[in-house]
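Examination of the molecular architecture
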Amino acid sequence: MKNEYTISMGLTTVEARKRHDRFGPNELVPRKKENFLSKILHVLSEPMFLLLMAAAVIYFVLGKPRDGLIMLVFVVGIIGIEVVQEWKTDKTLNSLKQLFTPHVRVIRDGKETSILALELVPGDVMLIQEGVKIPADGIVIRQNDLCVDESSLTGEAQGVWKTEEEETTLSDDYWRKDYCYAGTLVTQGMAAVLIDKIGAATEYGKIGAMVAEAPKKTTPLQKQTRSLVRTCVIIAAALFVLVGIVTWRNIPGHTFSDRLTESILSGIALAMATIPEEFPVILTVFLSMGAWRLAKKKSLVRHLPSVETLGAVSVLCVDKTGTITMNQMVVQEVWAAHHDKSSLVHMMGLACETDAYDPMEKAMLSYCEKEGIPETHLFKGELLNEYTFTNELKMMGHIWYHDNEIIIAAKGSPESILPLCNLSSPEFLQAESRVQEMSAQGLRVIAIASAKPKDKSGIPDVITECELTLNGFVGLADPPRKSVKKDIESCAGAGIRTVMITGDNGITAAAIAKQIGMQSYDSIITGNMLENMDDAELREKVKTVSIFSRVLPEHKTRIVKAFKDNGEIVAMTGDGVNDASALKYADIGISMGGRGCEAAREAADLILMDDNFSTIVDTIKDGRRIFDNIRKAVGYVFAIHIPIAAASLLAPFLGIAPGCLLLLPLHVVLLELIIDPTCSIVLERQPPESDIMRRKPRNPKKKLLDAGLILKSILQGGAIFAASFGAYYTTLAGSPNHAPAGRSMGLAVIMLANLFLVQVNSSDHDYIFTTIKKIAKDHVMWAVNIFTLLGLIIILYSPLNEILKLAPLSAHQILTAFMLSAASVLWYEAVKLVWKVKIRMEK
């Protein structure tokens, strides 16, 4: 395979396309194609649709084919709505998956380019670096300090140092040192890998398809809705039997078959009205559409259930660099020991990577350029070796043969570098004082030191054995984002604590924290202090401390755990491979999409595409909006089902003949055609309420349908029932001949009240006029309202009224229905007024 191309050229686009056609996409399990028929069968298996089909069959058995056909038309209509909703949800979720599908760098047509990992083919030259999760098997053809965590395959926690193919000696070990495997993680270094196997052919793929997809877990919301629907189905079954028996006893003069079918139809109408089959739809549609709206705001949701957790976040743990600050490093100040600035700048440049990607190193090299020391001069020598940076040491070094001498150029945190320097006590104190002065200005201080061994034998094996000469300090500035201060205030108003966790110096972190208005900015816990704390002490400290500096990856996990043990809901940001554990442990892991590595993105629930703190705050706000709207929709469904169910339940007990009922199965289905789009389209689109970021975080243990919401829904539903059933019963006046007119009055009240109910319930606190003003330009909202009104006009004043057993209403009756429907709902505006007055009095 190597003979087919050179490493520098890679595959051509044409050849890559041919191989993709031959080998297929790089995925463990082929994607299943959506079956349209299976979606329809899934919908038909729901209890509601089984009842609808049963009602249609009974109408045909009764010799009423027209009624049966109408039922089937309505069934097809509702199935259409359900299937379209599922299709839209699937399309939304697939779009989201494509947005966070891993990318990989490869060489194609002689150029370095980024492609989807799915598009990798055997023969590609893949470029990997620290933080990348390797997507295919391949041979290491070039590497630099490459260390790979292969524990996902071998179970061995220790990293494997890789070698190039030419360096490998024969070994009996199955796992090769010159080979990289799919599913493993690069923890250090970089390499070029020749892809050998993809997809199911990889070692990862051979283990089994089970590793490709974790089992789906049921979320708390899903459990609550399923339990609620299951309870309602049981209640519906009991009421079905009860109403059937009562109806049977009310019509003793009918034949056996007529009594049986009429009793069953009465029971079916009530059962249909009692089952809130919209609940699962609400949950799926609201979460998926919420995730899509978040994606448009630069937040990619990897795990859909995490959307419901967003609104409950009470502690936000963030990194300083790039999240709070702009991640645009510039060298703002330098302090040269012995006033030798030229030597300081020279050693600073030599200590940087020759192919710098870290913003801090880029800033240093840019400063070297300004001082007349370009990269062409810095890196013209031979790089003999290097001391790799680690989180434990917090320093690194390069060993150069430069200008006919060996130079060790080191840089790192002052705490790590200074003990290695040959300083007298006064010099050490002077250096520490200078570090504090620069840190107090909010600068990130990096110490620069060097050594010049006489020959290669004088080069220590590890950097900690070096005897260095201090060249000085470099102060880098990374200014806070302009909007951060306002965002911190917004979080505080929403009851969310912002905590800074950084590897930077504590004084620097405190200076930035003071600039952005963080609370308790003068109280700091360092990594060394954390080492000497037990978990109980840490749990107490995190209640008041908001800055953690010089922390290691394991410290971040301990901090998150301490907050969670205190009952907090924690969101944690991170961008590196060493943040993965803390991201996974947090309730909401947030990875940086711009500078974040693949390991961090894999561990996260949410990916920020712009690495902006403001986006985190907006995401939390939208998470609260989504949960609010789910509750509103559930309350709405519960309320609107009450008048339908109560009418079907009460009529038989009042001795009303089956043919004179307010709602026949046909009318229940008709109302479902209105309720479904209302709850899943209209309420999902509701904007956030004005006080949404002035409330405390939601208690995650709080039930979706709590006592307060149940009481509100019962009162609202009861009022609509009283208005609709009262209008129907008054118009009926005990005469079967008035049944169509009475039914039209009751149905008109319910349909018009539905429009008012949506607007009133769009906000728990804002008045209906405020809600209407917010959605005045929303074309979808207007379309749904107009559709409902047109539907009412068509069923009352077209030939359909006879088919649906309705009668046209007079202008006076329509006006009466409108007034009754408004009164049955708008009373809740008075409740809002009382609530607002109470809040003002408490203040």
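It should be emphasised that the depicted structure is a prediction, and the values quoted were computed from it without experimental measurement.

**Structural notes on helix α13 (residues 359-370)**
Over its 12 residues, α13 runs 17 Å from end to end, which matches the ideal 16 Å to within 8%, given 1.5 Å per residue. Of the positions making up α13, those classed as buried are M360, E361, A363, M364, L365, Y367 and C368. Following α13 by one or two positions, G372 has its phi on the positive side, about 85 degrees.

**A look at the sheet that holds strand β11 (residues 382-387)**
A sheet is described by the order of its strands in space; here 6 strands give the open sequence β10-β15-β14-β13-β12-β11, paired in antiparallel fashion. Since the sheet does not close on itself, it has two edges, and those belong to β10 (330-336) and β11, each with one partner. Ignoring which end each strand starts from, the neighbouring axes of this sheet average 20 degrees apart. Here strand β12 (residues 395-402) pairs with strand β13 (residues 405-412) via 8 bridges, running antiparallel. Considered in β13, the bridge of W400 is made with I407.

**A look at the packing of aromatic side chains**
Per the counting criterion, the structure on display carries 9 aromatic pairs. Centre to centre, the rings of W335 and F473 are 5.3 Å apart; their planes meet at 20 degrees, and the pair counts as stacked. Residue W335 is located in strand β10, and its partner F473 is located in strand β15 (residues 469-477); the two are separated by 138 residues in the primary sequence. The two residues W335 and F473 agree in class, both being buried. Here a set of aromatic residues connected by ring pairs shows up, and it is made of F721, F725, Y728 and Y729. When the ring centre of Y767 is taken as origin, the NZ or CZ atom of K836, which lies over that ring, is 4.5 Å away.

**Structural notes on the pattern of salt bridges**
Counting across every chain of the model gives 30 salt bridges. One salt bridge connects R558 with D535, and the closest N-O pair in it is separated by 3.2 Å. A residue pair is termed long-range when its members are at least 10 positions apart, and R558 in helix α21 (residues 553-565) and D535 in helix α20 (residues 535-541) qualify at 23 residues. Put simply, E829 and K832 hold a salt bridge, and the shortest N to O gap is 3.1 Å. Placement of the pair is E829 and K832 together in helix α32 (residues 828-842), with a separation of 3 residues, close to one helical turn. Residues E829 and K832 agree in their burial class; the two are buried. Ionic contacts of the salt-bridge type, sharing partners, join the residues D628, K632, E689, D691 and R695 into one network.

**Focus: the environment of L294**
On the secondary structure map, L294 appears in helix α9 (residues 278-296). On the basis of relative accessibility, which here comes to 1%, the residue L294 falls in the buried class. With 325 residues separating them in the primary sequence, L294 and T619 have C-alpha atoms 6.7 Å apart.

Each value, and the rule that gives it
Residues numbered from 1 in each chain as written. Predicted model: local features only at pLDDT ≥ 70, side-chain atom pairs only at ≥ 80, totals over all residues. Heavy atoms only, no water. Helix = DSSP H or I, 4+ residues; strand = E, 2+ residues; numbered from the N terminus. Expected span 1.5 Å × (residues − 1). Buried < 20%, exposed > 50% of the residue type's maximum accessible area, 1.4 Å probe, protein only. Pairing = 2+ DSSP bridges. Axes fitted to C-alpha atoms, helices over the stretch in contact; angles between N-to-C directions. Phe/Tyr/Trp six-rings, centres within 6.5 Å; stacked < 30°, edge-to-face > 60°. Lys NZ or Arg CZ within 6 Å of the ring centre and 35° of its normal. Salt bridge = Lys/Arg side-chain N within 4 Å of Asp/Glu carboxyl O.

These results come straight from atomic positions and should not be treated as a statement about function.
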